[in-house]
Amino acid sequence: MRELIKSEHLTFTYAGQTTPTLTDISLQIHAGDFVTIVGATGSGKTTLLKQLKKELKPAGTQQGQVTYQGTPVADLTSDVSAQQLGYVAQDPQVQPIMATVIEELAFPLENLGYSAAAMNGRIAEVANFLGLNQLLHLPIEDLSGGQLQLVNLASVLALKPQVILLDEPTAQLDPTTAQNFLNILQQVHDELAITIVLTEHRLSRVLALANRMVLLEHGHLTYDGPVSAGLVRMQADAALRPFVPAVPAFFLDQQLPVSELPLTVTTGRRVIAQHGWQFTAVSAQPSRHSTPPSDFSLTAAGVSLRYPTTGDILHQVDLNVDPGSWLAIIGKNGSGKSTLLSVLAGLRKPQHGKVKLDQHVVWKMKNGDRLQRLSFLSQNPTEQFSGDTVTEELTAQARLAGDASAERVTDLLTTFQLTAVAEQNAFDLSGGQQQLLGMALALITQPEVLLLDEPTKGLDPATKLLVGRVLQRAHAAGLTIIMASHDMDFCAEFADACTFMFDGRLNQPQPTRQFFTENFLSTTAVNRLVRQQVPTALFSQDVTRKTI
């Protein structure tokens, strides 16, 4: 295959920094490739992706060279770069700049001087291909996250690019929407012969589409090759093991001899059936750690909230929270999860119903009193930043709760691995570091109740485990946690109880293992893989292979 993109001994150092973010990266991307760039937060994935398109390149010092079809990327004309190298960002809301979908699709074409007839033809073709016909005249602000990401992809496709660069494109989508987006991306790759290069933390869905995996560690390229061999290498490294998706990890954990690791549930089931492997449950699952009793109550009764433009978001929601519990609320984008959490936190007042904390209506409580008892982590933690350094942000938040001790701040900096960036402005942190700072801000007040909106968003698998274990310790000490999450494995591993939110309504919570083993679609990959033999299994460690 012909070479499209080539980096030769690329080293990049951000402005004002002395340590390179990328070191001696040599990489070739060929026409028709589907390359997934893998690595921990801070490994340089996004930085590498941005070196491939000159408009994205951050300020800094570069050594070595990056070329596109033999021409240095920095020397490409704006027209060539815009048309042939498309880009889709992690946050669906970042890219759109126009008011309606059709205006957004027309904007890049208009900028490049296409005639009205040519624009109409391109828009019609792309809208038909991606199924956007019914959305063309909708306001951008009315779209769901998944619809918005499709519009971002459509605006890129309208220019007929050779390459599409995507930076964690499913990070803010629920599992079903993420899978639908990746299905379309595969169709774009397979049917339109467009080369795909993307970074991703959620590897369980995307690796099956890729023909190559590139692994970055601390700014160094340490693996470039077939996906299966790369996963075997990662499983052998304790630091990288959490990144291995559940299905290939199951085959490695169970030491099942295969020439190439299955990457999907479907393939895994087929391989298990072909070999006739049998599994049985391990000894009885340990019960969740019992938490100390608490005498507070948090209840929602008949809570309804209606937005003028979109209608009902919450419809007669009732919820009685058991003190010391950990409840996970699962549902698609737009189902009302975030709105419910904001109402529980006292940040939004519903039109009907009440939320009470020990008989006090939460949105009527004084801010100081509420902060001492109830903390909230927004899906976008930067909404809660004041623009100070990390240390100052934590100190100010602790002061609001009456405890601004330096020791408490230092402990949380260490716990959430933020010591190295303690004197940086909160807005200058990476997305993952901002998420960790948001978590630290929520915990520093030592609340009785912690409300978390997508707490693992933007975190790599190893950092998710860190967050889970920190929350687990706080929960064991009596903290009540209510979280909205798309992360099935995280919910299954850490929550006590789970429930669905659908169409503004909340189902009756169930114990976590019961919830996931009774579900047909919304469950863990391992449960779908072996449920016919071991219906109660959620993770690889729940089963063992039968010996004959």
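Conventions adopted
- Residues numbered from 1 in each chain as written.
- Predicted model: local features only at pLDDT ≥ 70, side-chain atom pairs only at ≥ 80, totals over all residues.
- Heavy atoms only, no water.
- Pairing = 2+ DSSP bridges.
- Helix = DSSP H or I, 4+ residues; strand = E, 2+ residues; numbered from the N terminus.
- Axes fitted to C-alpha atoms, helices over the stretch in contact; angles between N-to-C directions.
- Contact = heavy atoms within 4.5 Å.
- Domains from an automatic or database assignment.
- Buried area = accessible area lost by both parts, 1.4 Å probe.
- Salt bridge = Lys/Arg side-chain N within 4 Å of Asp/Glu carboxyl O.
- Polar contact = N/O pair within 3.5 Å; in protein donor to acceptor, adjacent residues only side chain to side chain.
- Nonpolar A, V, L, I, M, F, W, Y, C, P; charged D, E, K, R; others polar.
- Parallel < 35°, antiparallel > 145°, perpendicular 65-115°, else oblique.
- Left-handed = near helix turned anticlockwise from the far one by under 90°.
- Buried < 20%, exposed > 50% of the residue type's maximum accessible area, 1.4 Å probe, protein only.

Turning to the sheet that holds strand S6 (residues 85-88), a few remarks are in order. The six strands are arranged S6-S7-S8-S3-S9-S10 in an open sheet whose pairing can be described as mixed. The outermost strands of the open sheet, each flanked by one partner alone, are S6 and strand S10 (220-225). Strand-to-strand twist in this sheet, taken as the mean axis angle between neighbours without regard to direction, amounts to 15°. Where S6 meets strand S7 (residues 163-167), four bridges bridge the pair, whose relative direction is parallel. Counted as the bridge partner of Val88 is Leu166 from S7. On the sheet, helix H5 (residues 145-157) packs against S6 and S7 and is oriented at approximately 170° with respect to S6. Where helix H8 (residues 227-235) meets the sheet, its contacts fall on strand S3 (34-38), strand S9 (212-217) and S10, and the angle it forms with S9 comes to roughly 30°.

Right, let's get into the domain arrangement of the chain. Under the domain assignment used here, the chain contains domain 1 (3-244) and domain 2 (324-346 + 366-498). Measuring from the centre of the C-alpha atoms in domain 1 to the corresponding centre in domain 2 gives 29 Å. In this complex, domain 1 contributes 14 residues to the contact, which on the side of domain 2 involves 15 residues. Between domain 1 and domain 2 the total buried area reaches about 1200 Å² when both faces are included, carbon and sulfur atoms providing 56% of it. Ranking the residues of domain 1 by area buried against domain 2 places Thr41, Gln172 and Asp174 at the top, with a combined share of 38%. Counting across the domain 1 and domain 2 interface gives zero salt bridges. Taken together, domain 1 and domain 2 are joined by two residue pairs in polar contact (both at pLDDT 80 or more). When its residues are assigned to classes, the side of domain 1 that touches domain 2 shows seven nonpolar, six polar and one charged.

Now for the packing of helix H9 (residues 246-253) against helix H10 (residues 265-275). The contact between H9 and H10 brings their axes to 9 Å, and the two run at 30°. In terms of axis orientation, H9 runs roughly parallel to H10. In this structure, the crossing between H9 and H10 has a hand that is left-handed. On H10, the residues touching Val247, Phe250 and Phe251 of H9 are Val265, Gly268, Val271 and Ile272.

Before going further, it helps to spend a moment on helix H11 (residues 337-344). Of all eight residues that make up H11, seven are buried, and the element is covered over most of its length. Listing the buried residues of H11 in full gives Lys337, Thr339, Leu340, Leu341, Ser342, Val343 and Leu344. Looking one or two residues past H11, Gly346 carries a phi angle of roughly 80°, positive in sign.

In space, the four strands of this open sheet follow the order S2-S1-S4-S5, with antiparallel pairing throughout. The outermost strands of the open sheet, each flanked by one partner alone, are strand S2 (22-30) and strand S5 (71-72). As paired elements, strand S1 (residues 3-14) and strand S4 (residues 60-68) share eight bridges and run antiparallel to each other. Note that in S4 the partner of Ser7 across the bridge is Val66.

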